Amino acid sequence: MEIERTVNAAGLVGLAGAQVNVGYQLAGQRVIVRMDGTQMAVITGDGELARTMPCPVPAGDRYRLRGARKAAASPPPPSGPVTVQRRVSSRGGIMVATQKIQVGLIHAGKIVTVTAGDHGFRLTIDGQAVAVVPRTTTREIHRYKAYAAHPRGRR
């Protein structure tokens, strides 16, 4: 089954009287929520798979959802590796997908671009590769922007 919903400003969609978090980066967009077995896929308006998560609606209740229809062809897999930005803390560390990564005190306050692959993270600062760190977590990446776009000034 699949349904179309508009994501509100907080990144939520309404399903069976409850609000389900699909991600604030999709706020204001029309998405297709596809429910297959115990999994739920969120597909953007241009047909890209944005996120998968456990389905909160039991299989027997899905046909009663407003606007429910039979699912179309399956969505394509995500296109390439995910790239995110993080601001290096004063202690020289960042966190991606709940994994703590030590970049180095020399890079404190800088913005690091992290390219997340299946088996590792590639760290880049100012176009220069800093490190490749093995991935120890299978968690999904939820935050895409750096904590602060500009380094904080001295007090």
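Residues numbered from 1 in each chain as written. Predicted model: local features only at pLDDT ≥ 70, side-chain atom pairs only at ≥ 80, totals over all residues. Heavy atoms only, no water.

Undergrad: Looking at this model, I keep getting lost on the layout of surface pockets. Mind explaining?
TA: Once rolled over the atoms, a probe with the size of a water molecule shows which space is left empty. Estimated volume of the second largest pocket: approximately 160 Å³. If you trace the second largest pocket, you find it lined by R86, M95, V96, A97, T98, R139, E140, H142 and R143. Residues that form the lining of the second largest pocket fall into these classes: three nonpolar, two polar and four charged. (1 Å grid on protein atoms, 1.4 Å probe; cavity = no way out; pocket = protein on both sides within 12 Å on 5 of 7 lines; lining within 4 Å. Points joined across faces, edges and corners; volume = space filled by probe spheres on them. Nonpolar A, V, L, I, M, F, W, Y, C, P; charged D, E, K, R; others polar.)

Undergrad: Help me understand the environment of H107, please; the structure alone is not making it clear to me.
TA: Note on placement: H107 falls in the loop between β9 (99–102) and β10 (111–116). On the basis of relative accessibility, which here comes to 16%, the residue H107 falls in the buried class. Once residues within four sequence positions are removed from consideration, H107 is found in contact with V88, I125 and V130. (Helix = DSSP H or I, 4+ residues; strand = E, 2+ residues; numbered from the N terminus. Buried < 20%, exposed > 50% of the residue type's maximum accessible area, 1.4 Å probe, protein only. Contact = heavy atoms within 4.5 Å.)

Undergrad: Whenever I open this one, the nonpolar core confuses me. Can you help?
TA: Side chains that are nonpolar tend, in soluble globular proteins, to be buried together. If you look at the biggest cluster of nonpolar residues, it comprises 16 residues, and the most contacted ones within it are V13, L15, V22, V31, M35 and M40. Elements that contribute at least two residues to this core include exactly β2 (12–15), β4 (30–36) and β5 (39–43). A total of three residues in this core trace back to one element, the largest contributor, which is β4. Once residues lying within four places of it in the same chain are set aside, the contact partners of V13 are R5, T6, V7, A18, Q19, V20, V22 and V31. (Core = buried A, V, L, I, M, F, W, Y, C linked by side-chain atoms within 4.5 Å.)

Undergrad: Looking at this structure, I do not really get the pattern of salt bridges. What am I missing?
TA: Think of it this way: side chains of opposite charge can pair up when their charged atoms draw near. This structure, assessed with the given rule, holds five salt bridges. Across the pair E2 and R69 runs a salt bridge whose closest N-O atoms are separated by 3.1 Å. Of the two residues, E2 is situated in strand β1 (residues 2–6) and R69 in the loop between β6 (49–54) and β7 (82–87); the sequence distance between them amounts to 67 residues. According to the relative accessible area criterion, R69 is partly exposed, its value standing at 31%. Here E4 makes a salt bridge to R30, at a shortest N to O gap of 3.4 Å. (Salt bridge = Lys/Arg side-chain N within 4 Å of Asp/Glu carboxyl O.)

That's the geometry; what it means functionally is another story.
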